[in-house]
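Close look at the chain arrangement
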Amino acid sequence: MAAANYLPSEDQFLCSICLDVFTDPVSTPCGHNFCKNCINEHWNTTDQYLCPMCKKVFNPRPELNINTLFSEIVSQFRQSAQQKANSSSSSELKVSKPGEIPCDVCTGTKMKALKLCLNCLTSYCETHLEPHLTASGLKRHQLIDPVENLEGRMCTKHDKPLELFCKSDQTCVCMLCTVLDHKTHKVVPLKEEYIVKKAELGKTEPEIQQMIQKRQKKIREIKHSVNISKGDSDRELAKGVQVFTSLKESVEKGLAKLIETIKTKQKTTEKQAEILIEELEQEISELMKRRTEIEHLSHSEDHLHLLQSVQSLNIHHPPPTKDWTEVSVSLSLYEGTVRRAVSQLEETLSEEMKKLVKAELKRVQQYEVDVTLDPDTANPNLILSNDGKRARPGKVGKSLPDNPERFSFSPCVLGKQSFSSGRFYYEVQVKGKTAWDLGVARESINRKEIITLSIEDGYWAIWLRNGNEYEALDDHYVVLSLKSQPEKVGVFVDYEEGLVSFYDVGAAVLIYSFTGCSFTEKLYPYFGPCDIDGGKNSAPLIISPVRGN
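A quick note: this is a predicted structure, and the numbers were derived from the prediction, not measured.

What about the pattern of salt bridges?
Applying the stated rule across the entire model yields 15 salt bridges. Note that Arg-363 is salt-bridged to Glu-236, the shortest N-O span being 3.9 Å. Here Glu-236 lies in helix α6 (residues 190-298) and Arg-363 lies in helix α8 (residues 335-364), a separation of 127 residues in the sequence. For Arg-363, a relative accessible area of 34% gives the class partly exposed. Residue Glu-236 is classed as partly exposed on the basis of its relative accessible area, which comes to 40%. Where Asp-494 meets Arg-423, a salt bridge forms, and the shortest distance between an N and an O atom there is 2.9 Å. Of this pair, Asp-494 sits in strand β19 (residues 488-494) while Arg-423 is found in strand β14 (residues 423-429), placing the two residues 71 residues apart along the sequence. Assessed through its relative accessible area of 8%, Asp-494 is described here as buried. Among the charged side chains, a salt-bridge network with shared partners connects Lys-167, Glu-193 and Lys-197.

So, in structure tokens, the structure goes:
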């Protein structure tokens, strides 16, 4: 019963070479079935006689016989399939619509084509396709789904179907091409190369999918970075608005106070002048009254009256008045008023700068990296600690191999770690030293000559000399004015931004920044403990962990 109910699938009756229903099926010694013509053509174009299914090699070429029982089963399957096709033909016949491939044989109403014969170069509807399914001569023809551009399947040189594939030139060719232009080339049937290429596509697809996933992941990372940047920019903008609003208010208050101070001084001066003028005018009035009396008396003809009046007027003693010789208005001094107001603003701005630098230093400290000294680069006069965190000048140079990485003349050393992207930060203790160099250097610096700490030579650095002279060499020499001597210096680098900044960690003050730098090589931390200077500069440079990290 189980055998009676068994319904073989269509795949069991398809040749693995032509991918069509078997025609004259034969069996190889390994038990696999193929169309007789397919397996013979396959072996005719190869150097080895191997089974296309299991790859077993036969030597000599085996003799192939038709599998009679399997051939009958295939014939029954083909008849059954034809009957099913005939029974459903009435329901499946469809008139060709715009955009569909019409049957080339139909006259009048064109029916929709079901197959295209590559041998006949003709498209057939279901009715006109029947001979290709039943006639023994036509059953060998290759049928494919109908296509609109049939010219693309024809050899442009010989006007023959492209039935073969030239592996030497990796191109599709016709039969005439193989005996003319591709005579000595390795040529295989299209279907054989189809199987190979399809397998390659099967392997390539996962690789492409993996590449797509990597790029999708990178897109998510970029979007995440943009979101982080947006948050940072919003916070920085809010902080900037707050700071500048506060400064604006301070300026407005300072201006208002300046205006009030000057106006108050001017009012005081005007009030003082008003009192003096009033007093002067009172004396003038008294004097004018006396002058009028004297003038009137001087015109009198009465001797007695004049003498008596002069006696009472006491002309030898004028009315009481003040000595105005040394009296003047006290002028207010305005010259220092504006300066003091601006000085107050400067103090306010300085306080705001301290707050900003302190917050900035806290942010850059988050990019701390673990830096150790590279003994292969150290000048022989330097003494390094075993943990690679300290470098101090020695009295006598050691005998060391003169490898290309080592500084031969200048008492300096590089860090082991290099950086070619991103941001990094580290801190160095400089306490007790009278001379030192700190910064970063590019990989290609000249280590066999006395160095100059210039950008052109590949150094972005600051230095101390003579205990209190701080300098940097940017586009020009820069004298650094520091209110206090730093005991610990922080170095921060933003590779993409082209920024190198130095901080006085203890005072939370920005010492100096190189901006707009163009980095194209690896950068290494650079340390210069300098010479011992008779013991005055014997203290080491110490790479210190960031406090609190």
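Remarks on the sheet that holds strand β11 (residues 382-384)
The seven strands are arranged β11-β12-β23-β14-β19-β20-β21 in an open sheet whose pairing can be described as antiparallel. The two strands at the open ends of the sheet, each matched to only one other strand, are β11 and β21 (509-514). Sheet twist, expressed as the average angle between the axes of neighbouring strands with direction ignored, equals 20°.

Some remarks on the state of the cysteines
Applying the stated criterion to the full structure yields zero disulfides. For the unlinked cysteine Cys-177, the closest cysteine sulfur is that of Cys-174, found at 3.5 Å.

Section: a negative patch on the surface
The grouping of Glu-270, Glu-274, Glu-278 and Glu-281 at the surface amounts to a negative patch. With respect to the element layout, Glu-278 can be found in helix α6. Its relative accessible area of 55% is what places Glu-278 among the exposed residues.

What about the nonpolar core?
By size, the foremost hydrophobic cluster in this structure holds 36 residues, and its most contacted members are Trp-436 and Phe-527. Apart from residues no more than four positions distant in its own chain, Phe-527 is found in contact with Val-371, Leu-373, Cys-412, Val-413, Leu-414, Gly-415, Tyr-426, Val-428, Asp-437, Leu-438, Leu-541 and Ile-543. Counting 18 residues, the second largest nonpolar core, distinct from the first, contains Phe-13, Phe-34, Phe-58 and Leu-64.

Some details on the sheet that holds strand β5 (residues 115-117)
Whenever strands of a sheet pair, they do so through backbone hydrogen bonds, lying parallel or antiparallel. Strand order in this open sheet of three strands is β6-β5-β7, and the pairing throughout is antiparallel. Single-partner strands in this sheet number two, and they are β6 (122-124) and β7 (143-144). Here β5 pairs with β7 via two bridges, running antiparallel. Residue pairing for β7: Cys-117 is matched across the bridge by Leu-143. Sitting on the sheet, helix α4 (residues 126-134) touches β5, β6 and β7, and the angle it makes with β6 is about 110°.

Points about the layout of surface pockets
A probe as big as a water molecule, rolled over the atoms, marks out the empty space that is left. Roughly 670 Å³ of volume is contained in the second largest pocket. Taken together, 23 residues make up the lining of the second largest pocket; nearest its centre are Glu-236, Arg-363, Val-364, Tyr-367 and Arg-423. Residue assignment for the lining of the second largest pocket shows that the elements contributing at least two residues are α6, α8, β19, β20 (499-504) and β21. With eight residues, α6 is the single largest residue contributor to the lining of the second largest pocket.

Focus on the packing of α6 against helix α7 (residues 303-313)
Contact pair α6 / α7: the axes reach a minimum separation of 11 Å and the direction vectors enclose 165°. Taken together, the axis directions place α6 and α7 in an arrangement best described as roughly antiparallel. The handedness of the crossing between α6 and α7 comes out as left-handed. In this structure, α6 uses Arg-290, Glu-293 and Leu-297 to contact α7, whose residues at the interface are His-305, Leu-306, Ser-309, Val-310 and Leu-313.

Here we look at the pairing of strand β12 (residues 390-393)
Judged by which residues are buried, β12 turns out to be one-sided: Ala-391 and Pro-393 face inward and are buried, whereas Arg-390 and Arg-392, on the alternate face, are not. Strand direction decides the pairing type here: β11 and β12, joined by three bridges, are antiparallel. From the neighbouring strand, Leu-384 faces β12, where its bridge partner is Ala-391. Remark: five residues form the turn of the hairpin made by β11 and β12, two consecutive strands paired antiparallel; Gly-388 in that turn has positive phi of roughly 70°. Here β12 pairs with strand β23 (residues 541-544) via two bridges, running antiparallel. Looking at the pairing, Ala-391 lines up with Leu-541 of β23.

Remarks on the environment of Gln-272
Here Gln-272 lies in helix α6. Separated by 80 residues in the primary sequence, Gln-272 and Glu-192 have C-alpha atoms spaced 117 Å apart. Among residues more than four places away in sequence, those in contact with Gln-272 are Ser-328, Val-329 and Ser-330.

Section: unusual backbone geometry
A cis amide bond links Asn-59 with the next residue in sequence, Pro-60, at an omega value of 5°. Checked against the element boundaries, Pro-60 lands in the loop between β4 (57-58) and α2 (68-87). A positive phi angle, close to 65°, is found at Lys-55, a residue other than glycine. With respect to the secondary-structure elements, Lys-55 resides in the loop between β3 (49-50) and β4.

Rules of the game
One numbering rule holds for all chains: residues counted from 1, following each sequence as written. The predicted nature of this model means local features are confined to residues of pLDDT at least 70 and side-chain atom pairs, given and counted, to a pLDDT of 80 or more, with totals for whole chains, interfaces and linings taken over all residues. Side-chain numbers here rest on the full set of heavy atoms in the structure, without hydrogens or water. For this analysis, a salt bridge means a side-chain nitrogen from Lys or Arg found within 4 Å of a carboxyl oxygen belonging to Asp or Glu. Secondary structure is summarised from DSSP: a helix means a run of H or I of at least four residues, a strand means a run of E of at least two, and numbering begins at the N terminus for each. Under the scheme applied here, a residue whose accessible area is under 20% of the maximum for its type counts as buried, over 50% as exposed, and between as partly exposed, the area being computed with a 1.4 Å probe on protein chains only. For two strands to count as paired, DSSP must find a minimum of two bridges between them. Here an angle of 0 to 180 degrees is reported between the N-to-C directions of two axes, which are lines fitted to C-alpha atoms, with helices fitted over the stretch in contact. By convention in this document, the label disulfide applies to cysteine sulfur atom pairs within 2.5 Å. Note on patches: the residues involved have over 30% relative accessible area and no salt bridge, like charges join within 9 Å, and the nonpolar side chains Val, Leu, Ile, Met, Phe, Trp and Tyr join within 5 Å. Each accessible area is a Shrake-Rupley result for a 1.4 Å probe, and residues are judged covered by the shown protein chains and nothing else. Counted as positive: Lys and Arg. Counted as negative: Asp and Glu. His and the chain ends are not counted at all. In this description, the location of a charge corresponds to atom NZ of lysine, CZ of arginine, CG of aspartate or CD of glutamate. Definition of nonpolar core: a set of buried residues of the types Ala, Val, Leu, Ile, Met, Phe, Trp, Tyr and Cys, connected through side-chain atoms within 4.5 Å. Contact between two residues is taken to exist if any of their heavy atoms lie within 4.5 Å; hydrogens are not considered. Points on a 1 Å grid over protein atoms alone make up a cavity when a 1.4 Å probe fits among them but cannot get out, and a pocket when they form an open set with protein on both sides within 12 Å along at least five of seven lines; lining residues each have an atom within 4 Å of a point. Grid points are joined across faces, edges and corners, and a volume is the space filled by probe spheres set on the points. Any angle between 65 and 115 degrees counts as roughly perpendicular, while under 35 counts as roughly parallel, over 145 as roughly antiparallel, and the rest as oblique. We call a crossing left-handed when the near helix sits turned anticlockwise from the far one by less than a right angle, and right-handed when that turn is clockwise.

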